[in-house]
Amino acid sequence: MPFTGFDIIIPVLIVLVLLLLFTGIKTIPQGYNYTVERFGRYTRTLAPGLNLIVPFVDRIGAKMNMMEQVLDVPTQDVITRDNASVAVDGVAFYQVLNAPQAAYQVSGLQNAILNLTMTNIRTVMGSMDLDELLSNRDAINERLLRVVDEAAHPWGIKITRVEIKDINPPANLVESMARQMMAEREKRAQVLEAEGKKQAQILEAEGKKQAQVLEAEGRREAAFRDAEARERAAEAEARATQVVSEAITKGDVQAINYFVAQKYTEALTRIGSATNNKVVLMPLEASSLIGSLGGIGAIAKEVFGEAPDGAAGTPRSTSRPPRTGQS
């Protein structure tokens, strides 16, 4: 059976339809956005999934990665504000938020971000001293992130993080910093030692002061008690003298004998207890002393009353007649 023209056209049409379908159907992977251009002009953005475009009229423009990406910042030399040269490298993290802007607002997105980050690293770190660079990395990272993100905002991207990895000063500068650190630590050690000695001296002086105060209070208390004892002794002496005086006023001869015997006995006691006298030779009228003792006993009876029956009485005076001396 010979083929007619209609039999040939139908398969050709079917093949063309299949080709049009395959050309117009686009599958977008997750994490990507494709831009669509019609006759070279941007028209729309294809989201992840199955999408249709007009074959031979629309075409895929840019394939933008919408996931967060990492960009290594190579090592570069930076001169600080105090004229110290350091080698610095870092890393930047960014994410495309607007695919058309990232595709059509800048040419070579990663190269633009890299150069923007490197220039801002030189600008930020060049305005700081070396000590600030080594001790304030968090502040440097925060400042870099703010500056770079603001500059890259028109490109439809978000700079999520900028980190300084290494700051390498020259070897001679590292040695100088080590010597400076050792000198600073020795200085702090000397200051702490001096403060410790000062505190110890202050505590010692406070202790001596408190000891002197306590000693003075002890002496004052002892003097007060001595004075009180002397006052009581004086009061007792005055009372005894008053009693003797009243007895003398009443004409009691025994009171006079008591007073004289007391003073006489005290004088003998002091003479006998002297350390510079070994033998004492002195005339002594024993009968007078015994008579005085008898007077003392009589006064005691009058003051305290007669002893009850059966009690021991006053000692009996054994006076002897006075002896006459030989001329």
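Structure: see above.
Now for a look at the structure at hand. (Residues numbered from 1 in each chain as written. Predicted model: local features only at pLDDT ≥ 70, side-chain atom pairs only at ≥ 80, totals over all residues. Heavy atoms only, no water.)

**Focus: the side chain of N65**
Item 1. Its place among the elements puts N65 in strand β5 (residues 58-65).
Item 2. For N65, a relative accessible area of 18% puts it in the buried group.
Item 3. At a separation of 3.0 Å, a polar atom in the side chain of N65 contacts the main-chain amide nitrogen of M67.
Item 4. For N65, the contacting residues outside a window of four places in its chain are G31, Y32 and V96. (Helix = DSSP H or I, 4+ residues; strand = E, 2+ residues; numbered from the N terminus. Buried < 20%, exposed > 50% of the residue type's maximum accessible area, 1.4 Å probe, protein only. Polar contact = N/O pair within 3.5 Å; in protein donor to acceptor, adjacent residues only side chain to side chain. Contact = heavy atoms within 4.5 Å.)

**Quick notes on the pairing of strand β7 (residues 85-96)**
Item 1. In terms of burial, β7 is largely enclosed, as nine of its twelve residues are buried.
Item 2. Judged from the nine bridges that link them, strand β6 (residues 69-79) and β7 form a sheet pairing that is antiparallel. Of the residues in β7, the one forming a bridge with D77 is A87.
Item 3. Between β6 and β7, which follow one another and run antiparallel, lie five residues, and N83 among them has a positive phi close to 65°.
Item 4. As paired strands, β7 and strand β8 (residues 157-168) are joined by ten bridges and run antiparallel to one another. By the bridge assignment for β8, F93 is matched with R161. (Pairing = 2+ DSSP bridges.)

**Some points on the sheet that holds β8**
Item 1. Read across the sheet, three strands follow the order β6-β7-β8 without closing on themselves; strand pairing throughout is antiparallel. Strand pairing shows two members of the sheet lacking a second neighbour, β6 and β8, which therefore form its edges. Each strand axis lies, on average, 20° off the axis of its neighbour in the sheet, ignoring direction.
Item 2. Strands β6, β7 and β8 of the sheet are contacted by helix α3 (residues 109-126), whose axis makes an angle of about 35° with β6. (Axes fitted to C-alpha atoms, helices over the stretch in contact; angles between N-to-C directions.)

**Some remarks on the packing of aromatic side chains**
Item 1. For the structure on display, the rule yields one aromatic pair.
Item 2. Centre to centre, the rings of Y42 and Y104 are 5.7 Å apart; their planes meet at 55°, and the pair counts as tilted. Here Y42 is found in strand β3 (residues 41-46), whereas its partner Y104 is found in helix α2 (residues 99-104), with 62 residues between them in sequence. (Phe/Tyr/Trp six-rings, centres within 6.5 Å; stacked < 30°, edge-to-face > 60°.)

**As for the nonpolar core**
Item 1. Counting residues in hydrophobic clusters, the biggest one holds 37 residues, and the most contacted among them are L109, M125, W155 and I157.
Item 2. The set of elements that each furnish at least two residues to this core consists of β5, β6, β7, α2, α3, α4 (130-135), α5 (137-152) and β8.
Item 3. Excluding anything up to four places from it in sequence, W155 contacts N98, Q101, A102, Q105, V106, L109, A112, I113 and L116.
Item 4. Core analysis: the second largest hydrophobic core is formed by six residues, Y34, V36, L46 and I60 among them. (Core = buried A, V, L, I, M, F, W, Y, C linked by side-chain atoms within 4.5 Å.)

**Quick word on the pattern of salt bridges**
Item 1. The final tally for this structure, using the stated rule, is ten salt bridges.
Item 2. Across the pair D149 and K158 runs a salt bridge whose closest N-O atoms are separated by 3.3 Å.
Item 3. Judged by its relative accessible area of 18%, D149 is buried.
Item 4. Given the relative accessible area of 36%, K158 is considered partly exposed.
Item 5. Its salt-bridge partner being K197, residue E193 comes within 3.8 Å of it at the nearest N-O pair. Residue E193 and its partner K197 are located together in helix α6 (residues 171-249), separated by four residues, close to a single helical turn.
Item 6. You can call E193 partly exposed: its relative accessible area is 48%.
Item 7. Each of R81, D129 and E132 takes part in salt bridges that share partners, so that together they form one network. (Salt bridge = Lys/Arg side-chain N within 4 Å of Asp/Glu carboxyl O.)

**Points about unusual backbone geometry**
Item 1. Despite not being glycine, F39 shows a phi value in the positive range, around 55°.
Item 2. Note on placement: F39 falls in the loop between β2 (32-38) and β3.
Item 3. The residue N83 is not glycine, and still its phi comes out positive at about 65°.
Item 4. One can find N83 in the loop between β6 and β7.

**Brief notes about the sheet that holds β5**
Item 1. Strand order in the open sheet formed by three strands is β3-β2-β5, with antiparallel pairing between adjacent strands. Of all strands in the sheet, those bounded by a partner on one side alone are β3 and β5. Strand-to-strand, the axes of this sheet are offset by a mean angle of 30°, without reference to chain direction.
Item 2. Examined bridge by bridge, β2 and β5 share six bridges and lie antiparallel to one another. In the sheet register, Y34 faces β5, and the bridge partner there is K63.

**So, the side chain of N141**
Item 1. Among the secondary structure elements, N141 is positioned in helix α5.
Item 2. Using a relative accessible area of 9% as the deciding quantity, one classes N141 as buried.
Item 3. At 3.1 Å, the side chain of N141 forms a polar contact with the backbone nitrogen of I164.
Item 4. Excluding anything up to four places from it in sequence, N141 contacts V162, E163 and I164.

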